[in-house]
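If you want the building blocks of each chain, they are given just below.
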Amino acid sequence: MTPKFDYFKLRLPSDSVVIKDASVFSHIINKDGEETQMRYVQSTPFSYEILIDLLRNITFVSFSGKALLENYPALICSNNIIECFKNINTQGICEIDTTKILKKAIVRECDVTTDISYSGTITDLLDTLILKSKNYTISKKCDNRFYIQTTYVTRRKHECMVIFWM
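Residues numbered from 1 in each chain as written. Predicted model: local features only at pLDDT ≥ 70, side-chain atom pairs only at ≥ 80, totals over all residues. Heavy atoms only, no water.

**A short note on the overall build of the protein chain**
Per the secondary structure count, the protein chain includes three helices and eleven strands. Each helix and strand of the protein chain, ordered N terminal to C terminal, gives the series β-β-β-β-β-β-α-β-α-β-α-β-β-β. Counting over 166 residues, the protein chain shows a buried share of 32%. For the protein chain, the share of sequence-separated contacts (at least 6 apart) that also reach a separation of at least 24 residues comes to 48%. Carbon together with sulfur atoms contributes 51% to the accessible area of the protein chain, which is approximately 10,500 Å² in total. (Helix = DSSP H or I, 4+ residues; strand = E, 2+ residues; numbered from the N terminus. Buried < 20%, exposed > 50% of the residue type's maximum accessible area, 1.4 Å probe, protein only. Contact = heavy atoms within 4.5 Å. Areas by Shrake-Rupley, 256 points an atom, 1.4 Å probe, with all protein chains shown as cover.)

Structure, rendered in structure tokens:
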């Protein structure tokens, strides 16, 4: 079964998104008067957000399955995720390079709507996910929930993955 998702937040290289209308963005200025971020949020006809971190030269795009418009009941999967980007592009705010995204996007958050089968043990899965890195810790919460998170956490840098194991 192909996994299906209802929400994605992706980290993209800034060169994969071209801003068409910067005037609709909120411009975030630090205390030194330097512009640090640009942010755009749209709620209709579907919800999505674009956050450009000018200091780190990265872009975050988040959207729900409603970006599929009338195909929303199908949810997001590998067969239709490009349709989400095309529909975001038709809004006239930005142009997302779908070729670059498929090669370079990093999933920062997602909501999986269908279970993903895995025949190995939880230990094997966790070892694979964190690649035995010293930068991550694993903690077990309740009987079936595992948290993988970065050991070094700041206000801007925190990564966490929750795995529900049945």
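**A look at the environment of glycine 65**
In this structure, glycine 65 sits in the loop between β6 (58–64) and α1 (81–89). Residues glycine 65 and cysteine 84, 19 residues apart in the sequence, show an inter-C-alpha distance of 7.8 Å. The contact partners of glycine 65, leaving out residues within four places of it in the chain, are Asp6, Tyr72 and Ile76.

**What about the pairing of β6?**
Taking burial as the measure, the seven residues of β6 include seven buried ones, the bulk of the element. Residues Ile58, Phe60, Ser62 and Ser64 point to one face of β6 and Thr59, Val61 and Phe63 to the other, with burial holding for every one of them. In the sheet, strand β1 (residues 5–13) pairs with β6 via seven bridges, with the strands oriented antiparallel. In the strand pairing of β6, proline 13 is matched with isoleucine 58. Taken together, the six bridges between strand β5 (residues 48–53) and β6 define a ladder with antiparallel strand orientation. Its bridge partner being in β6, glutamate 49 is matched across the sheet by serine 62. Taking the residues that link successive antiparallel strands as the turn, the β5-β6 hairpin has four residues, and the phi of asparagine 57 there is positive, at about 55°. (Pairing = 2+ DSSP bridges.)

**Things to note about unusual backbone geometry**
Cis geometry is found at the peptide bond from threonine 44 to proline 45, where omega equals 0°. Position of proline 45 relative to the elements: it lies in the loop between β4 (35–42) and β5. With a phi close to 55°, asparagine 57 is a non-glycine residue in the positive phi region. Inspection of the secondary structure puts asparagine 57 in the loop between β5 and β6. Among the residues examined, asparagine 57 registers a relative accessible area of 53% and is labelled exposed.

**Some thoughts on the packing of aromatic side chains**
Applying the stated criterion across every chain, the model contains six aromatic pairs. Centre to centre, the rings of phenylalanine 46 and tyrosine 48 are 5.6 Å apart; their planes meet at 35°, and the pair counts as tilted. A relative accessible area of 1% places phenylalanine 46 in the buried class. Feature note: the residues Phe5, Phe8, Phe63 and Phe85 constitute an aromatic cluster, connected by ring pairs. Its end group placed over the ring of phenylalanine 60, lysine 9 keeps NZ or CZ at 5.3 Å from the ring centre. Over the face of the ring belonging to tyrosine 72 we find lysine 66, whose NZ or CZ atom lies 5.7 Å from the ring centre. (Phe/Tyr/Trp six-rings, centres within 6.5 Å; stacked < 30°, edge-to-face > 60°. Lys NZ or Arg CZ within 6 Å of the ring centre and 35° of its normal.)

**Section: α1**
Residues spaced three or four apart along an α-helix face the same direction, because each turn holds 3.6 residues. For α1, the full list of buried residues reads Ile81, Cys84, Phe85, Asn87, Ile88 and Asn89. Where α1 is buried, its residues meet β1, β5, β6, β7 (94–96) and α2 (98–104).

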